[in-house]
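Commentary on secondary and tertiary structure
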Amino acid sequence: MSVAGVPRTEHPTLEAMRMFARSPVAVGGLVLLVAILLVSLVGPLVYVADPFDIVAAPLSPPFSEGALLGSDQQGRDVLTGLIYGGRATLTVGAAAALISVVIGITIGAVAGYFGGTVDEVLMRFTEFFQVLPSLLFAMVLVTLFSPTLATVVLAIGVVSWPGTARLTRAEFLKIKQYDFVAAELAIGARRGRIMWKVILPNALPPLVVSATLAVGAAILFEASLSFLGLGDPNRMSWGLMIGSSRSYMLSSWWAVTFPGLMIFLTVLAVSLIGDGLNDALNPKLRERR
């Protein structure tokens, strides 16, 4: 369709949504993630219970009385733990990814836009964090400030931002050379406006994909800390379920298999969505379809 010989163009957001919807893998990941979110957020409202209550004999197998998916070494219901543990796990994943993205975008944007000495200093600072063993550094932070959900979120966010910072810097270095940025400078636009309202919106596609994948990475990070006994002992999470039952992994497989499966499915769903967003937001990939 066209009006007066002018071809009708589709809004970039609508085009990206259409491309995303055309990917069965991406849509499947979105459906899976929505299902997990519904179970984790709505489940506790429907199925009222305490995940720390003892409901059966320790290490009861699946389909036992009072424990449909079995119980752990303390007699706690695995199914209840899965329903209630999803809240803490997903909260850690989303909040830690948000912290990581905010820090990374801020540092990368400043470094990429100003360049020169500012870029050198910030990139050396980024490299310092990048060469640190992330898991070990997070363990130190959690141990120093006690293992609570808040400290776990902060620890994961603080050690996970260097990749986002480098990606943001690369995008800013590229986009600030474009003519529309030079036009903003010519009319006297302030640096803050150019950085956050002109360059950043055009740099968002790869950053959105990076943020999506950061959620999955943060969930795995939380599971690793909990497996090592550094999770919040007062908040049920899938990682805590695995960590507390790790000594019974071979004899009582259900206590670690079911929470591990939930982590696997969640990270898989996030990864599939990230791949779909990458295809939908990347102009070069859109042109091939």
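Preceding block: the structure.
All of these numbers come straight from a predicted model, not from anything done at the bench.

**With respect to the overall build of the protein chain**
Summing up its helical and strand segments, the protein chain has twelve helices and two strands in all. Each helix and strand of the protein chain, ordered N terminal to C terminal, gives the series β-β-α-α-α-α-α-α-α-α-α-α-α-α. When its C-alpha atoms are laid out on the principal axes, the protein chain stretches across 75 × 50 × 30 Å. When the 289 residues of the protein chain are sorted by exposure, 44% land in the buried category. Partitioning the contacts of the protein chain with sequence separation of at least 6, the portion at a separation of at least 24 is 69%. Taken as a whole, the protein chain presents about 15,100 Å² of accessible surface, with 68% of it coming from carbon and sulfur. Once the 20 positive and 18 negative side-chain charges of the protein chain are each reduced to a mean point, those two points are 10 Å apart.

**Description of the pattern of salt bridges**
Two side chains bearing opposite charge may form a pair once their charged atoms approach each other closely. Under the defined criterion, the tally for this structure stands at seven salt bridges. Close ionic contact of R124 with E120 constitutes a salt bridge, the shortest N to O distance being 2.6 Å. Residue R124 and its partner E120 are both found in helix α4 (residues 116-131); the two are separated by four residues, about one turn of the helix. Between E127 and R166 there is a salt bridge, and its shortest N-O distance comes to 3.1 Å. Here R166 lies in helix α7 (residues 162-175) and E127 lies in helix α4, a separation of 39 residues in the sequence. Here the residues in one salt-bridge network are E120, R124, E127 and R166, joined through shared partners.

**Quick look at the packing of helix α3 (residues 78-114) against helix α6 (residues 149-159)**
In contact at an axis separation of 8 Å, α3 and α6 are set at 40 degrees when each is read in the N-to-C sense. Accordingly, the angle class assigned to the pair α3 and α6 is oblique. As for how α3 packs across α6, the hand of that crossing is right-handed. Where α3 approaches α6, its residues A88, V92, A95, A96, I99, S100 and I103 are matched on the opposing element by L149, V152, V153, L154, I156 and G157. Grouping the amino acids of the contact of α3 with α6 by side-chain chemistry returns eleven nonpolar, two polar and no charged.

**Remarks on unusual backbone geometry**
Of note in the backbone geometry, L59 takes a positive phi value of approximately 60 degrees without being a glycine. Along the polypeptide, L59 turns up in the loop between α2 (24-46) and α3. Since its relative accessible area comes to 23%, L59 is described here as partly exposed. Backbone geometry at S146 places phi at a positive 70 degrees, although glycine is not the residue there. With respect to the element layout, S146 can be found in the loop between α5 (134-144) and α6.

**Description of empty space enclosed by the protein**
Under the criterion given, the structure shown has two cavities of 30 Å³ or more. Considering the residues around the largest cavity, the lining is formed by P51, D72, R76, D77, V78, G81, M236, M241, S244, S245 and A255. Secondary-structure elements contributing two or more residues to the lining of the largest cavity are α3 and α10 (238-244). Residues that form the lining of the largest cavity fall into these classes: five nonpolar, three polar and three charged. Surrounding the second largest cavity, A88, L149, V152, E222, S226, G231, D232, R235 and S237 form its lining. Of all elements in the fold, only α6 and α9 (191-227) reach the threshold of two or more residues within the lining of the second largest cavity. Along the lines of polarity and charge, the residues of the lining of the second largest cavity split into three nonpolar, three polar and three charged.

About the criteria used
- Residues numbered from 1 in each chain as written.
- Predicted model: local features only at pLDDT ≥ 70, side-chain atom pairs only at ≥ 80, totals over all residues.
- Heavy atoms only, no water.
- Helix = DSSP H or I, 4+ residues; strand = E, 2+ residues; numbered from the N terminus.
- Buried < 20%, exposed > 50% of the residue type's maximum accessible area, 1.4 Å probe, protein only.
- Contact = heavy atoms within 4.5 Å.
- Areas by Shrake-Rupley, 256 points an atom, 1.4 Å probe, with all protein chains shown as cover.
- Lys, Arg positive; Asp, Glu negative; His and termini not counted.
- Charge placed at Lys NZ, Arg CZ, Asp CG, Glu CD.
- Salt bridge = Lys/Arg side-chain N within 4 Å of Asp/Glu carboxyl O.
- Axes fitted to C-alpha atoms, helices over the stretch in contact; angles between N-to-C directions.
- Parallel < 35°, antiparallel > 145°, perpendicular 65-115°, else oblique.
- Left-handed = near helix turned anticlockwise from the far one by under 90°.
- Nonpolar A, V, L, I, M, F, W, Y, C, P; charged D, E, K, R; others polar.
- 1 Å grid on protein atoms, 1.4 Å probe; cavity = no way out; pocket = protein on both sides within 12 Å on 5 of 7 lines; lining within 4 Å.
- Points joined across faces, edges and corners; volume = space filled by probe spheres on them.

Without other data, these values stay purely geometric and don't point to any function.
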